[in-house]
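Chain by chain, the residues run as shown.
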Amino acid sequence: MEMQVHGIAFITGAGSGIGASTARKFAQCGISVLSLVDINITSLRSLSSEIAVASPGVKVLVQHIDVTDESSVDKAVEKTVQEFGKIDIAVHAAGIGDCGQPTHNLSLDLWQNVMNINQTGLWLCERAIIRQMLKQESRGTRYGKGVIVNVASTLGLTAAHYAVFPSYTAAKHAVIGLTKSDAKMYASHEIRINAVCPGWTLTPMTEKFISEPSMERELSSVPAGRMGKPDEIADAILFLASPMSSFVYGVGLVVDGGYTL
């Protein structure tokens, strides 16, 4: 029997990759309502139709969102609460990759774009969710007022071995720092916050540069001998969102095939 998680879940970056896999996993494992948000509304509608067939008892709300836009983020959270009354679980999976240029060749615009989405965008989402969860009634020791899972990266804990991703690495380190800070700040308010740190995972983001020589060397350094699958990361997110991890606060759960060993 699969692990179960219950309530209303809000997932950013749900249009593809880890976010989409997490939505499917939640629908299979007990979530009654999914609020799925992404900048790509077409992908969300396709995912919603897929979930309706595979998990017909799950309600799905899809919304277009720009995580760099404060108003867009706040409105998506507000609409979810208007429709369903609360948000029990939030997964922040929206993000983009690095252009692969070293710092001395990196423009301010390229640097800022990664920071705006991967760092500030996640913070805007987390802030909006925390503000909502603070208003909610506790569901008891195992669930509290709410659970937040941030999608960071192993590059939030270390640097790439051979590839060059300065802005992505810096942004994901910031996500780990925010996770730890907010986990400590809001634990007494019964809001539990953690992060998952995927290693190299086969997603649309990584497919763009997987054939580059530096990436071939990166992947050869993974002890498991392969890239991860989005479903494997979704399993870890399910654990962090479930009552099975009720005494886990502020961790960056590494799921990387041994890359950071």
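Residues numbered from 1 in each chain as written. Predicted model: local features only at pLDDT ≥ 70, side-chain atom pairs only at ≥ 80, totals over all residues. Heavy atoms only, no water.

Stated formally: UniProt positions are given in the numbering used here, feature names are shortened, and annotations may be inferred rather than shown by experiment.
In its Sequence similarities (unreviewed entry) section, UniProt records this for the protein chain: "Belongs to the short-chain dehydrogenases/reductases (SDR) family."

### Some remarks on the overall build of the protein chain
Where we set the bar: Only DSSP runs of H or I covering at least 4 residues are called helices, and only runs of E covering at least 2 are called strands; the numbering of each starts at the N terminus. In this treatment the radius of gyration is a C-alpha quantity, and the globule benchmark scales as 2.2 Å times the residue count to the 0.38 power. Remark: exposure states derive from per-residue accessible area (1.4 Å probe, protein chains only) relative to the maximum for the residue type, with buried under 20%, exposed over 50%, and partly exposed in between. Counting rule applied: Lys, Arg positive; Asp, Glu negative; His and chain ends not counted. Charge positions come from single atoms, namely NZ of Lys, CZ of Arg, CG of Asp or CD of Glu.
Counting secondary structure elements, the protein chain contains 8 helices and 7 strands. Computed over C-alpha atoms, the radius of gyration of the protein chain comes to 17 Å, within 12% of the 18 Å expected from 2.2 N^0.38 for 261 residues, which places it in the range of a compact globule. Referenced to the eigenvectors of the C-alpha coordinate spread, the extents of the protein chain come out at roughly 50 × 35 × 35 Å. Looking at the protein chain as a whole, 52% of its 261 residues are labelled buried. For the protein chain, the distance from the average site of its 21 positive side-chain charges to the average site of its 24 negative ones is 6 Å.

### Observations concerning the pairing of strand β5 (residues 146-151)
As a reminder of what qualifies: We call two strands paired when DSSP finds no fewer than two bridges between them. When the strands point away from the viewer and the path from the first strand over the helix to the second turns clockwise, the crossover is right-handed.
Counting buried positions along β5 gives 6 out of 6 residues, so the element sits mostly inside the fold. Taking every second residue as pointing to the same face, both faces of β5 are buried, with G146, I148 and N150 on one and V147, V149 and V151 on the other. Note: strand β4 (residues 89-92) against β5, 4 bridges, orientation parallel. Bridged to A90 within β5 is I148. Each parallel crossover has a hand, and the one from β4 via helix α4 (residues 108-133) to β5 is right-handed. Between the parallel pair β5 and strand β6 (residues 191-198), the chain is carried across by helix α5 (residues 166-186), and the sense of this crossover is right-handed.

### Here's the deal with the layout of surface pockets
Let me state the cut-off plainly: Lining residues are those with an atom within 4 Å of a point, where the points come from a 1 Å grid over the protein atoms alone and group into cavities, where a 1.4 Å probe fits but cannot get out, or pockets, open sets with protein on both sides within 12 Å along at least five of seven lines. Grid points are joined across faces, edges and corners, and a volume is the space filled by probe spheres set on the points. Under the convention adopted here, Pro, Cys and the residues Ala, Val, Leu, Ile, Met, Phe, Trp and Tyr are nonpolar, Asp, Glu, Lys and Arg are charged, and Gly plus all remaining residues are polar.
By volume, the largest pocket amounts to about 1,000 Å³. Considering the residues around the largest pocket, the lining is formed by 48 residues, among which A94, G95, I96, G97 and M205 are closest to the centre. Looking at the lining of the largest pocket, the elements that each hand over two or more residues are α1 (17-28), β2 (33-38), α4, α5 and α6 (204-207). Residue classes in the lining of the largest pocket are distributed as 24 nonpolar, 19 polar and 5 charged.

### So, the side chain of S242
Applicable threshold: Residue contacts follow a heavy-atom distance rule, with two residues in contact if any of their heavy atoms lie within 4.5 Å.
Structurally, S242 is set in the loop between α8 (230-241) and β7 (252-255). A residue is classified by how much of its surface remains accessible, and S242, at 0% relative accessible area, is buried. The residues touching S242, leaving out its near neighbours within four places in the chain, are M3, Q4, V5 and R192.

### Section: helix α7 (residues 213-220)
We count it as follows: By arc we mean the arc of the directions from the helix axis to the C-beta atoms, nothing more.
Of all the residues in α7, the buried ones are M215, E218 and L219. Taken end-on, α7 shows its buried residues confined to a sector of 90°, consistent with a single buried face. Exposed residues pointing more than 90 degrees away from the buried face of α7 are listed as P213 and S220.

### Focus on the UniProt feature "transmembrane region" (unreviewed entry) in the protein chain
The feature "transmembrane region" (unreviewed entry), as given by UniProt, occupies residues 236-255 in the numbering adopted here. Here residues 236-255 is 30% helix and 20% strand, with 7 Å between the C-alpha atoms at its ends.

### Brief notes about the packing of aromatic side chains
Note the cut-off: Within 6.5 Å between ring centres, the rings of Phe, Tyr and Trp (the latter by its six-membered ring) count as paired, and their orientation is classed by plane angle as stacked under 30 degrees, edge-to-face over 60, tilted in between.
Here the structure, examined in full by the defined rule, presents 2 aromatic pairs. Ring centres of F165 and W200 lie 6.0 Å apart, and the angle between their planes is 55°; this geometry places the pair in the tilted category. Linking F165 in the loop between β5 and α5 with W200 in the loop between β6 and α6, this pair joins segments that are 35 residues apart in sequence. An angle of 85° between the planes, with centres 6.3 Å apart, marks the rings of W200 and Y259 as edge-to-face. Residue W200 is located in the loop between β6 and α6, and its partner Y259 is located in the segment after β7; the two are separated by 59 residues in the primary sequence.

### Things to note about the sheet that holds β6
Heads up, the condition is: All axes here are fitted lines through C-alpha atoms, helices being fitted over the stretch that makes contact, and every angle between N-to-C directions spans 0 to 180 degrees.
Ordered by their spatial adjacency, 7 strands build an open sheet running β3-β2-β1-β4-β5-β6-β7, and the pairing between neighbours is parallel. Each edge of the sheet is formed by a strand with only one pairing partner; in this case those strands are β3 (59-64) and β7. Each strand of the sheet is rotated relative to its neighbour by a mean of 15°, with strand direction disregarded. Each of β1 (8-12), β4, β5 and β6 is contacted by α4, which is oriented at about 175° to β5, the strand it contacts most. Across the face of the sheet, α8 comes into contact with β4, β5, β6 and β7 while running at roughly 165° to β6.

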